[in-house]
Each structure stands twice: as structure tokens, then as C-alpha cells.
Amino acid sequence: MELGLFIPCFIDQYFPEVAINSLQLLERLGHKVTYERDQLCCGQALANAGFERKTHSNQKSLAKLYAGNFPIVSPSGSCVAHIKHHYPADEFEDFSSRFYTLTEFLDREDLPPMRLSREVKAVLQQGCHSVRMLQLARSSERRGRYFSKWENVLGGIEGLELLYTQRKDECCGFGGSFSVSSPDLSAEIGKAMLSEMEATGATTVISEDMSCLMHLQGLAQRQGSELRFSHVAELINEALA
Amino acid sequence: MKQAGQAANFIKESGKMSWHDETLWQVREKRDAAADELPEWETLRERASAIKSHTLSRLDYYLEQFEKKALENGIHVHWAENAQEHNHIVKDILDRHQLKEVVKSKSMLTEECGLNEYLEEAGIEVVDTDLGERIIQLKREKPSHIVLPAVHLRREEVGELFAKKLKSQKGNSDPQYLAEVARKHLQKKIRNAKAAISGVNFAIAETGSITVCTNEGNADLALNSARVQIHCLGIEKLIPKWNELGVFTRLLARSATGQAVTVYTSHYARARKDGEMHIVLVDNGRSEHLGKDDFRDGLKCIRCGACMNTCPVYRRSGGHSYHATVPGPIGSILNPRTDLEAYSDLPFASTLCGSCSDVCPVKIDIHEQLYKWRQLINANKEDRLISAAAKLLADANKMRCYGAIARFAQRISPAFIKRLLMPGWIDFRELPNPPKQSFGSWYRKNRGNEI
């Protein structure tokens, strides 16, 4: 089907391989993907810092650029959550309802067999926006039937062993501007998560959110850790190849 | 000092961060196990939330119904518009009975009003009889958690405190021994008390009665020993009907400590034959809070503390870092209304992870309110860096241009420049590797002819 691809501003500038992999995997699945180079930041960082009022032109511009009926897919839990939950509903409800994170979208698809050419032991970082705001999996706090769209999509990948940390979905500590306004706390929360990740024996950390990974990777590199950090898009594209 | 600074001190200087984090995480795990036992857990949360929302929408009606019933049962009902009036009312009751001593069981409301300090200044001795509250009272500290007031203290510290103040064995920090020391010390005070003050977990409009949920027995012992009993509560503690109480008692202890129910769930409906029962209903800004569409749901709170136990920030900062009577996530959405400037840091003391909202037994949208408070706090602020960032992020050409420049600059900058520009990040983390081309650039080169 026809799809729009929304690439978060920092992925466009700093993690282009995540966007390339997202585009390629959607095309491999037979979709016609449109990417508008003039797309802007969704405004989340400024909004979370208390300046949502300065992001209105971004909101309008995005809605105009991607006007239409087709679904819009994005390799980012936090951007999609922000667009769906914080864009003014009266103006943008139809627009924001068309957004899906990558895994959310793939969970609705009939996926072909997926296989990695190597054995990968990966620990899944369940980002807060993805879990609690977008319900990609049942959070550890809630009760009721357990579900996980990640397990639905990634579980079928041959060669992939999916692991979890002890504290299954505690925050990674990034929190946007929190990472620099409360750097000590941000680092401690992230370091605690890294220890648990190391303890699983995984070689790679995967996530729906490059923002979480950017923070964790930064901490890991400072510690001299050998953990590798990959967006789910990279893994899925590899498994489809 | 603002929360971020105090948190940094807690991390760097107290040596307690990991222990405090682990201790409260265990309480969160106990809560999880208790919730596991009830297949109807989410239904209960929804019911509790609905009952509280309804009550708040008719609070005036239910308060008057409560007063009518309570008066019929011979209870003295007092109304306090603010903290000062509350304190005067309580002192007045004690003065009329010529009492210079009173025992108290846990009440965050009396903390909020500064009752202890007020009474002590008037020459009345107040003895807090909860173990945790007594510990911090002896130590001259404020509670750091609304359910576990002394959770920030290790048992060695309690041992030292008791050795100094209660003449316990020096160096003995065995919890059972220390509890026994406290018990003997407090029992004397409780049994001799002529007046007892307690908090209230639930006030029931239909019956004019109040319910007090405790674990230690101090409240029950005190309220049944003393002739004069005084119960203080915020007006939001009301629920309409007796048969709705069960929804809350099934959620409260499980959310707070992981117990199925508190050891004592006591109901007080009338004074003892030779006694006097007083209820003090306190507003102290709650009506004003009720008038705020975005924030009124914060008044649904039943003071379980689950949001504190689950919060990655609270666990690693300690409750004192919030410099407020009620700390943690719920405190961060209640306190700013009382003083926006003084508490402007609290809604930012969060990563907006949403765990608090998910554990809240009455489904307060804490993480959404934190976001909304942030907009209010900065509504009239102008920040040059933010304005510059906003202009940049709103312009695709500027983004392409400055993005490329930033990546290039990062590749050629020495470490000390990076440190100068982004200390908060660089102090703890490496920066991400700056790629040579953006995705937009790659797309133009590889897909550019497919428009």
C-alpha cells in the first residue's frame, strides 16, 4: 500500500542508517513509500521542555506535507506518541490517527519468513513511550492479558534470541531535556539499565527508539562496554534481505 | 535548592542511592505480586477512579451529607478553610480540655498544615506514634515518603538515634530489637494520652463515619485510650457510600505496600460514651484545585505512595529532594498550584515515563499533568536558546544546513570544545558519531529521481 515515512529530525541528521533500513524494509514488503525531505521536527523536545506553544508551525507543516489518507510510519515511539497524544486533537486528530511506529505497523502485516544469517542474542529495551503511551506491549505495571507487538514481529526471526532485563520496562533515563537538566539522575538511571543488559549476556541492545539508544550507547561507550546498539529497523531489514 | 541539584547530592554524597533505589523497587515488586492476585485489578482501578471523579463532581453535596450524618451521631464537625484555621481548631479543642500533651498517628494532612510545630510553639507536646513518624520526629526531620516516612534512613542510623534519644543499646541495629524499644517507649505515651489525633483514609458521606487504615495498632490504641479523639482530613477524602469502601480497601494496601489489606481497618462513627469525637475538614486550596480542568483529577489521590515507589527519579533522589510535604510524582502535580514559583522545578523532575500513571490505583493521569504543568510554568518565559532552537527546527533548509555544520564541527572539534558546549551530556556520555551524510541527503542521491 501507499505509505508515508516520517523520519525524526535527529535520526535524519545523526542516525541515517535507521531511516535507510526503515525505508528499505517497507519497500521489501511491497509498499510504495513516500518521504518528504521538507518534513520538520515533530516538536517533542521543545514541547516536553514546556514550550509546546513554539511548535505550532511544525505541527501545521507536518499535517500539510503528509495530508492524505495513507498510513504514516515512523521508526520512533516517542515522536509517534507525541504526535498522537499532544498535538491538539480538534485540529489534528485525523492526522495523528494515521501514525504508526515501525513495529506497530508491521504487527498488522502478514510478514514473510525472516531469518538472520548469524545468531543474535539481543536484549529488547522497551521504551516508555512505546509501552505506556502507545501500548506496544502490556506494561509491567498493568494487569490483564499479556501481549507484545515486538514479540509478534521479532519472535518469528530465525537466529534471533530475544531477552529482557530484570526490570522489564523501567525508564532508560533519557527523558529529552531531562538528560541535560538532570544529568546525574539521567546517567544513574541509564547505568542501572546497562548493568542489567550486560547481565543478560546479550551482545546487542535493540529498541523502537533511537533516542533511548543514543543515551544508552553514550553511557556504554564511556564505560568501555562492548554492547552494540541497533534500532529494530536494522534487525528486521537484515532478516528480510 | 531545586530538585535536580538535591538529587545530584543524594547520588554523589549520601552513598545511599543504590540502597534507596533497591529498597523502594522491592516495594514496587510487592505491589506487583499483590496486583497479580486479583484478576479484576484493572476493573477495580477503573471503578475507584470513577467513584472519585463522581465524588469530586458533587463534592459540596457529599460534604454536607457527611456533616449532617456525623452531627446526628454526636460528632463535632469543624470546617477549616486553610492550614492556620485547622491548627487553631485543633489547639482550641486541646485548650478547652486543658491538655498539654497529645498523641498523633499518621496524617499527611497535619504535616501539610504544620500542626506539630504550631502546637509545640504553644507549649503542647505532640508525640507521633507511628514508628516511622516517631523516628523522624526524634531526628527533627521531615518525612521523605507519604507511607514510609523514614525510608531514607538505614537501620544503623535508627540504632544510633535510639541509643541517643531512647537509651537503647549502642551498636544494636537489629530491627526487631529497635521496634521493641520504640513500642515500649510509645506504649507508655499512648496509654496515658487524654487526647489523640489521627488522619483519615476515607470519609463516608452516607454514614458520616470515617475509616482509618493502619498497620501498627498505634492509631487504634490511641483512639481507644484517649477520651478526646480528633480526626483531620482534606475534603477530597470523601466517598459517597459505605458499599463503595471495599473498592478502595482492596486497592490501597496492595498499591502501597503489597499487603492484601492493612492490619487494621477501623471505622469511627461516634464518640465513646464518656468521650468526644471531632472531625476537622480542611480545604487549604483544594476547592481552588477542583476548579482546574487539567489538574482536578489529582484530588482523586488516596495517598498510597505507589507512584513514589515506581518512579525511577524518586527512588534515586529521595523524597527530601522535592522540598515539599508530599513528594514524588503526585506531589509534583499538586504542589505547583500552591506556589508556582517555589515548585516550578517539580514537574521537570521527571522523564515523563508514565509508570506512575500506570500504578495509580485511581488512574490519575500524572504523566500528562506533569506535561501540562510544564507548559504553564513556561507560559510567559522567554529563553533565547529555546527560541533559537524553535526557529531552527521550524525551517527545513536551516535544519539541513545547520545539521551538516554541526556534524562537521563535531568531527573536527577537540574534546574540550565539546565539553564546553554540552557539559550535561559529556560529563557522563559520549556523543553519537556524526555521520557524513544525513538521511535526507542519502535520499536525494539514491531516490531523488522518484518524485
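Use the structure listed above.
The rules behind the values
- Residues numbered from 1 in each chain as written.
- Chains lettered and ligands numbered in written order.
- Predicted model: local features only at pLDDT ≥ 70, side-chain atom pairs only at ≥ 80, totals over all residues.
- Heavy atoms only, no water.
- Contact = heavy atoms within 4.5 Å.
- Buried area = accessible area lost by both parts, 1.4 Å probe.
- Salt bridge = Lys/Arg side-chain N within 4 Å of Asp/Glu carboxyl O.
- Polar contact = N/O pair within 3.5 Å; in protein donor to acceptor, adjacent residues only side chain to side chain.
- Core = buried A, V, L, I, M, F, W, Y, C linked by side-chain atoms within 4.5 Å.
- Buried < 20%, exposed > 50% of the residue type's maximum accessible area, 1.4 Å probe, protein only.
- Helix = DSSP H or I, 4+ residues; strand = E, 2+ residues; numbered from the N terminus.
- Expected span 1.5 Å × (residues − 1).
- Pairing = 2+ DSSP bridges.
- Axes fitted to C-alpha atoms, helices over the stretch in contact; angles between N-to-C directions.
- Parallel < 35°, antiparallel > 145°, perpendicular 65-115°, else oblique.
- Left-handed = near helix turned anticlockwise from the far one by under 90°.
- Nonpolar A, V, L, I, M, F, W, Y, C, P; charged D, E, K, R; others polar.
- Disulfide = S-S within 2.5 Å.
- Phe/Tyr/Trp six-rings, centres within 6.5 Å; stacked < 30°, edge-to-face > 60°.
- Lys NZ or Arg CZ within 6 Å of the ring centre and 35° of its normal.

Novice: Got a minute to help me understand the interface of chain B and chain A in this structure?
Specialist: Listed per partner, the contact involves 80 residues of chain B and 66 residues of chain A. The contact between chain B and chain A buries some 6,300 Å² in all, and 57% of this surface belongs to carbon and sulfur atoms. A salt bridge links Glu-170 of chain A to Arg-316 of chain B; the shortest N-O distance between them is 3.0 Å. On the surface where chain B and chain A come into contact, there are 43 residue pairs in polar contact (both at pLDDT 80 or more).

Novice: It is not clear to me how the nonpolar core should be interpreted in this structure. Could you clarify?
Specialist: Within soluble globular proteins, side chains that are nonpolar generally end up buried alongside one another. Among the nonpolar cores identified, the biggest contains 82 residues, and Leu-25, Leu-26, Phe-95 and Ile-236 of chain A together with Phe-439 of chain B are the most heavily contacted of them. By residue number, the principal contributor to this core is helix α12 (residues 210–223) of chain A, which donates seven residues. Core analysis: the next-biggest nonpolar cluster, separate from the first, contains 58 residues, Ala-256, Ile-302, Ile-364 and Ile-366 of chain B among them.

Novice: When you look at α12 of chain A in this model, what are you seeing that I'm missing?
Specialist: Residue pairs three or four apart in sequence face the same way in an α-helix, which turns once every 3.6 residues. Residues and elements named next belong to chain A. The end-to-end C-alpha distance of α12 is 19 Å, a good match for the 20 Å that 14 residues give at a rise of 1.5 Å each. Within α12, 11 of the 14 residues are buried, which leaves the element mostly enclosed by the surrounding structure. For α12, every residue scored as buried is listed here: Met-210, Ser-211, Cys-212, Leu-213, Met-214, His-215, Leu-216, Gln-217, Gly-218, Leu-219 and Ala-220. Positive backbone phi, at 75 degrees, marks Gly-224, one or two positions downstream of α12.

Novice: I would appreciate a short explanation of unusual backbone geometry in the present structure.
Specialist: Trans is the common state for peptide bonds, and a negative phi is the common state for residues other than glycine. Residues and elements named next belong to chain B. The phi dihedral of Lys-167 falls on the positive side, at around 60 degrees, and the residue is not glycine. Positive phi, normally seen in glycine, also occurs at Lys-363, with a value near 55 degrees. Relative to the helices and strands, Lys-363 resides in the loop between α17 (355–359) and α18 (366–377).

Novice: What am I meant to see in the pattern of salt bridges here?
Specialist: Pairing is possible between side chains that carry opposite charge, provided their charged atoms lie close to one another. A complete count under the given rule lists 49 salt bridges over all chains for this structure. With a shortest N-O distance of 2.7 Å, Arg-143 of chain A and Asp-36 of chain B are connected by a salt bridge. A residue pair is termed interchain when its members come from two chains, as with Arg-143 of chain A in the loop between α8 (128–133) and α9 (149–154) and Asp-36 of chain B in helix α2 (residues 17–36).

Novice: Got a minute to help me understand the pairing of strand β1 (residues 2–5) of chain A in this structure?
Specialist: Within a regular strand, side chains alternate between the sheet's two faces. All names here are of chain A. Here β1 runs beside strand β2 (residues 32–34); their pairing, made up of three bridges, is parallel. Within β2, the position partnered with Gly-4 by the bridge is Thr-34. Inspection of the sheet shows β1 paired to strand β3 (residues 72–74) by two bridges, in the parallel sense. In the sheet register, Leu-5 faces β3, and the bridge partner there is Val-73.

Novice: Mind showing me how you'd approach the packing of helix α3 (residues 41–57) of chain B against helix α12 (residues 245–256) of chain B here?
Specialist: Axes are the key here: two packed helices are described by the angle between their axes and the distance separating the axes. All names here are of chain B. Taken N-terminus to C-terminus, the directions of α3 and α12 make an angle of 115 degrees; their axes are 10 Å apart at the nearest point. The angle between the axes of α3 and α12 places the two elements in the roughly perpendicular class. Classified by chirality, the crossing of α12 by α3 is left-handed. Residues Trp-41, Leu-44, Arg-45, Arg-47, Ala-48, Ile-51 and Lys-52 of α3 pack against Val-247, Phe-248, Arg-250, Leu-251, Arg-254 and Ser-255 of α12. Along the lines of polarity and charge, the residues of the contact of α3 with α12 split into seven nonpolar, one polar and five charged.

Novice: Explain the state of the cysteines here, please?
Specialist: One covalent bond between the sulfur atoms of two cysteine residues makes up a disulfide. Under the counting rule described, the total for this entry stands at zero disulfides over all chains. Residue Cys-42 of chain A stays outside any disulfide, its sulfur separated by 4.0 Å from that of Cys-79 of chain A, the closest cysteine.

Novice: Would you mind showing me how to read the environment of His-231 of chain A here?
Specialist: Residues and elements named next belong to chain A. Following the sequence through the fold, His-231 ends up in strand β8 (residues 228–231). As a C-alpha pair, His-231 and Cys-171 span 60 residues in sequence and 17 Å in three-dimensional space. Once you skip the residues sitting within four places of it in the chain, His-231 turns out to touch Val-18, Pro-75, Leu-102, Ser-207, Glu-208, Asp-209, Met-210 and Leu-213. A distance of 2.8 Å separates a polar side-chain atom of His-231 from the backbone oxygen of Glu-208.

Novice: I tried to follow the packing of helix α8 (residues 131–139) of chain B against helix α9 (residues 155–165) of chain B on my own but got confused; where do I start?
Specialist: Residue and element names in this part refer to chain B. The geometry of α8 relative to α9 is characterised by a closest axis approach of 10 Å and an angle of 65 degrees between their N-to-C directions. Here the hand of the crossing between α8 and α9 comes out left-handed. Residue-level inspection shows Leu-131, Ile-135, Leu-138 and Lys-139 of α8 in contact with α9, the latter providing Glu-157, Val-158, Leu-161, Phe-162 and Lys-165. For the contact of α8 with α9, the class distribution of residues is six nonpolar, no polar and three charged.

Novice: When you look at the packing of aromatic side chains in this model, what are you seeing that I'm missing?
Specialist: The description of an aromatic ring pair uses the distance of the two centres, along with the angle that the planes make with each other. Evaluated as defined, the whole model comprises 14 aromatic pairs over all chains. Arranged with centres 5.1 Å apart and planes meeting at 85 degrees, the rings of Phe-95 of chain A and Phe-99 of chain A form a pair that is edge-to-face. An aromatic cluster is defined as three or more aromatic residues linked by ring pairs; in this entry it consists of Tyr-35 of chain A together with Phe-439, Trp-442 and Tyr-443 of chain B. Across from the ring centre of Trp-425 of chain B, 4.3 Å away, lies the NZ or CZ of Arg-429 of chain B, which sits over that ring.

Novice: Explain the sheet that holds strand β2 (residues 101–104) of chain B to me, please; I cannot follow it from the model alone.
Specialist: In a beta sheet, neighbouring strands pair by backbone hydrogen bonds and run either parallel or antiparallel. Residue and element names in this part refer to chain B. Read from one edge to the other, the open sheet built from six strands follows the order β1-β10-β7-β4-β2-β3, with strand pairing classed as parallel. Looking along the sheet, the strands with just one partner apiece sit at the ends: β1 (76–80) and β3 (125–128). Averaged over neighbouring strand pairs, the angle between their axes works out to 20 degrees when direction is ignored. Sheet analysis places strand β4 (residues 195–198) next to strand β7 (residues 228–234), joined by four bridges and oriented parallel. Its bridge partner being in β7, Ile-197 is matched across the sheet by Ile-230. On top of the sheet, helix α4 (residues 59–72) reaches β1 and β10 (276–282); it is set at about 150 degrees to β1, its chief contact.

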